[in-house]
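Read off the chains here:
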Amino acid sequence: MNAQQNDEETSLLQRPEQLMAKTPLPWDQIWILLLLETPELLSSRTLAPFIPQLIRDIGVTHGDESQVGHYAGILQSSYYAAHTLTIFYWSQLSDHIGRKPVILTALLAISISMFSFGLSKTFLALVVSRIVCGAFDASDSMAKSMLMDITDATNMPKACSYLPIPGTIAGAVGPLIGGSLSRPADRFPDIFGRSELLKTYPYILPCSISAFFISTIGLVTYIRLKECGYKSVPTKTPLWELMKGGLFGQKPRQPLSNVIVDPDEVKSKPLPLRALLTSKVLSVTASYATTGLFQMGINSVLPVFYATPIELGGLSLEPPRIGTLLAASSVIHGIFQLLFYTRLIDCFGARAIHITGVSSGIPMVILFSVTNALARAYGIGMAVWLCVVVQLMLKTILSICFPCMVLFIRAAAPNHASLGATNGIAQVAVAVARIIGPASATSVFSYSLQKGHDAWSIYYFLTAIVFLAVGTALSLPRDPSVWEDSQ
């Protein structure tokens, strides 16, 4: 253990590129990749403010308010269930045919699924819409893979510091769209009161606006995004051969040749799944999954907590106010990460920042019970809003864990040609966590609200996940450069 620690410290001290000038960022492509970070978040954040009310409207709970969180969790987890089953294959496919075709397919699917969601009148239809979205949505994963393609160890932390900009925009605009424009015929009768379409489908307007923005991003991507040469398409294997290999277990045909293969050429080719499952990749995957599990649990419980009546353990807030809070949280997150992320990484290292972010979950969980207790005693006053602000600030600290994970994934990849598949493995694991997170957290929250059950169950559950996430983070090196130097 001491020898390994000494090797890590020596590697960090002797790393020459830390003293060299950083490679300039390729902004002609970076800005498009930043745009591609918005569709997944924009779609989910648009839906978040009105999902509790939508579940009440369709009558699936039969008037049982304690079951709203349960069905909200199922709806959110359906997206990640489909995402889990397909994301690795999309990521692996992108190593062969390129990132751009996969991205365009994803953007088209998200747009269609958003229209479908707005037109749905049953809970089953809502679930199907989210499953379609999850099965085809690989835009965020592909954007991160392309970011790894076009950056190096000197400029990647700087590139990651810009990732919250689109997230901030989508996280702010999405809740405002969903919270302000849901049920427009009731909210703005002078403008939309005569529209039979909006009366019949009261949630189609915010879904349509979100779909329009995502379609526009798809058009920009089609026109301006460039593949990154051999890094994005390292093989010439036909698509049909790849499909046969994935569906029927047949290996793609290789041309016969007596020429000796260069080892460097082998290193530049995508590796099979078994060769990707190294200790480094598994360490990053475990840490990414547990962090994602906690984040999704918090993100799912928070709007339900805000919407739940005070006497049942929540804050009794309306969708517009919930949307405003979530939007403000995204803005704060983006500004914080843009201003401080790179400096924090340079000063303390990626692992220290990651562990600090995950540990912020403990006071975040405690504030749920404190905020509700204050609301019961004094109503929604200054003390309650102070607790809400502090909790959202802690959520901002948690969010900086994920750019750190991008650095570790890149460093853990066995070779550059397998970046997409390596990222796909991590995305599968975090997608599984995101299936479990919303459904389990909201279900435990609903369970804790029921009479005769322990009201602290949800807090015990979330705190246990925090400790699990901290434990997996301890297996990461002090700095991703340690892994890159060892390859």
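Scroll up to find the structure.
Residue positions are counted from 1 within each chain, in the order its sequence is given. Under the rules for a predicted model, residues below a pLDDT of 70 receive no local features and side-chain atom pairs below 80 are neither given nor counted, while totals for whole chains, interfaces and linings still include all residues. Processing note: side-chain calculations cover all non-hydrogen atoms of the structure and skip hydrogens and water entirely.

## Some details on empty space enclosed by the protein
Put simply, the rule is: Computed over the protein atoms alone on a 1 Å grid, cavities are sets of points where a 1.4 Å probe fits but cannot get out and pockets are open sets with protein on both sides within 12 Å along at least five of seven lines; a residue lines them when it has an atom within 4 Å of a point. Grid points are joined across faces, edges and corners, and a volume is the space filled by probe spheres set on the points. Here a helix means four or more residues in a row that DSSP labels H or I, a strand means two or more in a row labelled E, and each is numbered from the N terminus. Under this grouping Gly is polar, as are all residues other than the nonpolar Ala, Val, Leu, Ile, Met, Phe, Trp, Tyr, Cys and Pro and the charged Asp, Glu, Lys and Arg.
By the definition in use, this model includes two cavities of 30 Å³ or more. Of the pockets and cavities examined, the largest cavity occupies roughly 1100 Å³. Lining the largest cavity are 47 residues, and of these Leu 41, Ser 44, Arg 45, Gln 295 and Asn 299 lie nearest its centre. Among the elements that line the lining of the largest cavity, the one with the most residues is helix H18 (residues 279-307), at eight residues. When grouped by side-chain class, the residues that make up the lining of the largest cavity number 22 nonpolar, 17 polar and eight charged. Taken as a whole, the second largest cavity spans an internal volume of roughly 70 Å³. If you trace the second largest cavity, you find it lined by Pro 52, Arg 56, Glu 65, Ser 66, Val 68, Gly 69, Val 304, Ala 307, Thr 308, Phe 445, Ser 446 and Leu 449. Listed by contribution, the elements that provide at least two residues to the lining of the second largest cavity are helix H4 (51-58), helix H5 (68-97), H18 and helix H24 (419-449). When residues in the lining of the second largest cavity are grouped by element, the largest group, three residues, is from H24.

## Things to note about the packing of helix H19 (residues 319-348) against helix H20 (residues 350-359)
Going by this rule: Fitted lines through C-alpha atoms give the axes, limited to the stretch in contact for helices. The angle between two N-to-C directions lies from 0 to 180 degrees. Two residues form a contact once any of their heavy atoms are found within 4.5 Å.
Running from N to C, H19 and H20 point in directions that differ by 115 degrees, and their axes come no closer than 7 Å. Of the residues in H20, those in contact with Leu 344, Ile 345 and Phe 348 of H19 are Ala 350, Ala 352 and Ile 353.

## Describing the pattern of salt bridges
Rules: Salt bridges are counted wherever a side-chain nitrogen of Lys or Arg sits within 4 Å of a carboxyl oxygen of Asp or Glu. Exposed residues in this analysis have more than 50% of their type's maximum accessible area, buried residues have under 20%, and partly exposed residues fall in between, with area computed by a 1.4 Å probe over protein chains only.
Scanning the entire structure with this criterion turns up six salt bridges. With a shortest N-O distance of 3.2 Å, Glu 37 and Lys 144 are connected by a salt bridge. One end of the pair, Glu 37, is in the loop between helix H2 (27-35) and helix H3 (38-47); the other, Lys 144, is in helix H8 (residues 139-150), with 107 residues separating them in the sequence. Across the pair, Lys 144 and Glu 37 agree in class, each one buried. With a closest N to O distance of 2.8 Å, Arg 99 and Asp 95 form a salt bridge. We classify Asp 95 as buried; its relative accessible area is 1%. Connected through salt bridges with shared partners, the residues Glu 37, Asp 140 and Lys 144 form a single ionic network.

None of this, on its own, says anything about what the molecule does.
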